[in-house]
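Examining the three-dimensional arrangement
The primary structure of each chain is shown beneath.
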Amino acid sequence: MSLLARIFRREQLDRYLETDKKFIKTMSAFDLIALGIGAVIGTGIFILPGTVAATKAGPGIIISFIVAAIVCSTAAMCYAEFASALPVAGSAYSYGNLVFGEIIGWILGWALILEYVLAVAAVSSAWGAYFQSFLAGFHIGFPKAISGPFVPSQGTYGNLIAIIIVVLISWMLNQGMRSSVRLNNIIVVVKIGIILLFIVVGLFYIKPSNWHPFLPFGWHSAHGGVLGGAAAVFFAYLGFDAVSSSAAEVKNPKKNMPIGIIGTLIVATILYVGVSIVLTGMVSYTKLNVSDPVAFALQFVHLNWVAGIISLGALAGMFTMMVTMIYSSSRLIYSIGRDGLLPKFLGKLDKKGSPRNSMITITITIAFMGGFVPLEQLTNLVNIGTLIAFLFVSFGIIPLRRNKEIQNHHGYQVPWYPVLPIVSGLLCMLMLSQLQAETWIASGIWFAFGLVLYFSYGIRHSQLGKNN
């Protein structure tokens, strides 16, 4: 068999279904939406509507969020069809293996590892900073030496809180998905409650004059406009794709996976638009270019007590995001280990049907990065990893429909095929073109390392190669 034929070998769905049946199916559509909201709605909802309104869109930020949601929904519908047709662990990695071939699956898996690890590491670091400021409100100090990344010149040698929160979440997830999902659902409901509190209370302080002019920067201008604002907030919706990692643990995945993915996007859009309407109505958009615009608006109208609750919402938002991403990354690493492209022990399930080895491995990696590595310059890589996965999933609908071995009877299918999947792929390419050159260079190094790993280890230990 030629090298080209070997690297484009495609997996069989039956093997994945057989291997993944050890997972315990406990998750409902509501659980999936909570998992998705946990990933998508973080601290960004308290920051982006204000800063992007001030710098790019004005009150038109309301339309910007709707436009960004429409763009994201095209990829979401493609994910929903894949999750319905292929109810297996591993998200875009497994989809790539099944419809494109092993090398594409590996590239997508490597992109998702980049997305998940960096996203959680960055958020764990931010959670540590927020928690410290929360403690400071009670006059509880924290030693500087253990409150930041390893930068001895600045007197910090590790972020202990970031390490503890990652280990704590991983421990919780290892206790079993049923109890973990229940706790995640409770915290998500609390988080949504805090957001709704801001919206309801803020409604009484809206001054319609603050919405004039509604489009101070126009639809598209050198400063941004509505479309520039949409590009800036597009990344606020990323994270719904993590829901598809859970397909092997979902009851009735053909029905519940599409509800979970598309439901996440609908709820997130309602919350983002609601916050944008109230925020720009309470305070002139010109005053919102601050680090905490929601808290600023509440203090502006003398509602300091609500501003204090918002800080709890931010902590809850980051916590649930880490729960979803650590959960998803452990399933991703399990899937790659299951196929032999990473060491096989990572693809083992324990007696509870949990991928304990992959969970421990990903926990150590994320805790180290969140606790010791300065991540400010690396967070843009999260976006490129996500968009590459979106790109292949969008165009992948076409070979998925043509694959006679994969049947999706009575499952969700993308409307307006093949136009919508092609439009989705082109939109992903447009968003990729907006990323900075440094992001492309750094990601190029990451993918080059991934290809070295695949050709030196993965291709020789591949389960697919042994089966053939």
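How each quantity is defined
- Sequence positions are assigned chain by chain, starting from 1 and proceeding in written order.
- Since the coordinates come from a predicted model, pLDDT governs what is reported: local features require at least 70, and pairs of side-chain atoms require 80 or more to be given and counted, while whole-chain, interface and lining totals use all residues.
- Excluded from the side-chain calculations are hydrogens and water; all other atoms, namely the structure's heavy atoms, are used.
- Counting from the N terminus, the helices are the DSSP runs of H or I reaching at least four residues and the strands are the DSSP runs of E reaching at least two.
- Atoms counted for the radius of gyration: C-alpha only. Globule rule: 2.2 Å times residue count to the power 0.38.
- Note on classification: 1.4 Å probe, protein chains only; a residue is buried when its accessible area is under 20% of the maximum for its type, exposed when over 50%, partly exposed between these limits.
- Between two residues, a contact is recorded if the distance between any of their heavy atoms is within 4.5 Å.
- Only four residue types enter the charge count, namely Lys and Arg as positive and Asp and Glu as negative; His and the chain termini do not.
- A charged residue contributes its charge at one atom only: NZ of Lys, CZ of Arg, CG of Asp or CD of Glu.
- Here, nonpolar core means buried Ala, Val, Leu, Ile, Met, Phe, Trp, Tyr and Cys residues that are tied together by side-chain atoms lying within 4.5 Å of each other.
- The pairing test for Phe, Tyr and Trp rings, Trp by its six-membered ring, is centres within 6.5 Å, and the orientation test on the planes gives stacked under 30 degrees, edge-to-face over 60, and tilted for anything in between.
- When the NZ atom of lysine or the CZ atom of arginine is within 6 Å of a ring's centre and also within 35 degrees of its normal, the charge is said to sit over that ring.
- The convention used is that axes are lines fitted to C-alpha atoms, helices contributing only their stretch in contact, and that angles between N-to-C directions extend from 0 to 180 degrees.
- Comment on the angle field: the value is read as roughly parallel under 35 degrees, roughly antiparallel over 145, roughly perpendicular from 65 to 115, and oblique elsewhere.
- By convention the crossing between two helices is left-handed if the near helix lies anticlockwise of the far one by an angle smaller than a right angle, and right-handed if it lies clockwise.
- Only Asp, Glu, Lys and Arg are considered charged in this grouping, and only Ala, Val, Leu, Ile, Met, Phe, Trp, Tyr, Cys and Pro are considered nonpolar; every other residue, Gly among them, is considered polar.
- pLDDT measures the predictor's confidence residue by residue and takes values from 0 up to 100.

Description of the overall build of the chain
Per the secondary structure count, the chain includes 18 helices and 2 strands. The C-alpha radius of gyration of the chain comes to 22 Å, within 12% of the 23 Å expected for a compact globule of 468 residues. Its C-alpha atoms put the chain at 70 × 55 × 40 Å along the principal axes. Per-residue burial over the chain gives 58% buried out of 468 residues. Put simply, of all contacts in the chain between residues at least 6 apart along the chain, 82% involve residues at least 24 apart. If you average the places of the 29 positive and of the 16 negative side-chain charges in the chain, the two averages end up 4 Å apart.

Remarks on unusual backbone geometry
In this structure, P213 follows H212 across a cis peptide bond, with omega equal to -5°. The omega torsion across Y417 and P418 is 0°, close enough to zero to call that bond cis. Within the fold, P418 resides in the loop between helix 15 (380-402) and helix 16 (419-433). A positive phi angle, close to 50°, is found at N252, a residue other than glycine. Examined against the element boundaries, N252 turns out to sit in the loop between helix 10 (225-233) and helix 11 (253-282).

Brief notes about the nonpolar core
Grouped together as the largest cluster of nonpolar side chains are 152 residues, with contacts concentrated most on L86, F198 and F240. Ranked by residue count, the leading element in this core is helix 7 (residues 102-136), at 18 residues. Apart from residues lying up to four places away in sequence, F240 is in contact with V40, C72, A75, A76, Y79, I261, T264, L265 and F390.

Remarks on the packing of aromatic side chains
Under the counting rule described, the total for this entry stands at 20 aromatic pairs. Ring geometry for F65 against Y237: centres 6.3 Å apart, planes inclined by 75°, an arrangement best described as edge-to-face. Here Y237 lies in the loop between helix 10 and helix 11 and F65 lies in helix 5 (residues 61-85), a separation of 172 residues in the sequence. Arranged with centres 5.3 Å apart and planes meeting at 35°, the rings of F240 and F390 form a pair that is tilted. Of the two residues, F240 is situated in the loop between helix 10 and helix 11 and F390 in helix 15; the sequence distance between them amounts to 150 residues. Judged by its relative accessible area of 0%, F240 falls in the buried class. Residue classification places F390 among the buried positions, given a relative accessible area of 1%. Chaining the aromatic ring pairs together yields one cluster made of W106, W110, W446, F449, Y454 and F455. Sitting above the plane of the Y16 ring, R338 keeps its charged end 3.7 Å from the centroid.

As for the packing of helix 11 against helix 12 (residues 293-300)
For the pair helix 11 and helix 12, interaxial distance at closest approach is 10 Å and the crossing angle is 45°. Put simply, helix 11 runs oblique to helix 12. For the pair helix 11 and helix 12, the crossing hand works out as left-handed. Two secondary-structure elements touch here, helix 11 through V275, L279 and M282 and helix 12 through P293, V294, A297, L298 and F300. The class makeup of the residues in the contact of helix 11 with helix 12 is 8 nonpolar, no polar and no charged.

What about the confidence of the model for the chain?
In this model, the chain carries an average pLDDT of 89, and 98% of its residues clear a pLDDT of 70 or more. Highest mean pLDDT in the chain belongs to helix 11 (94); lowest belongs to helix 18 (residues 463-467) (75).

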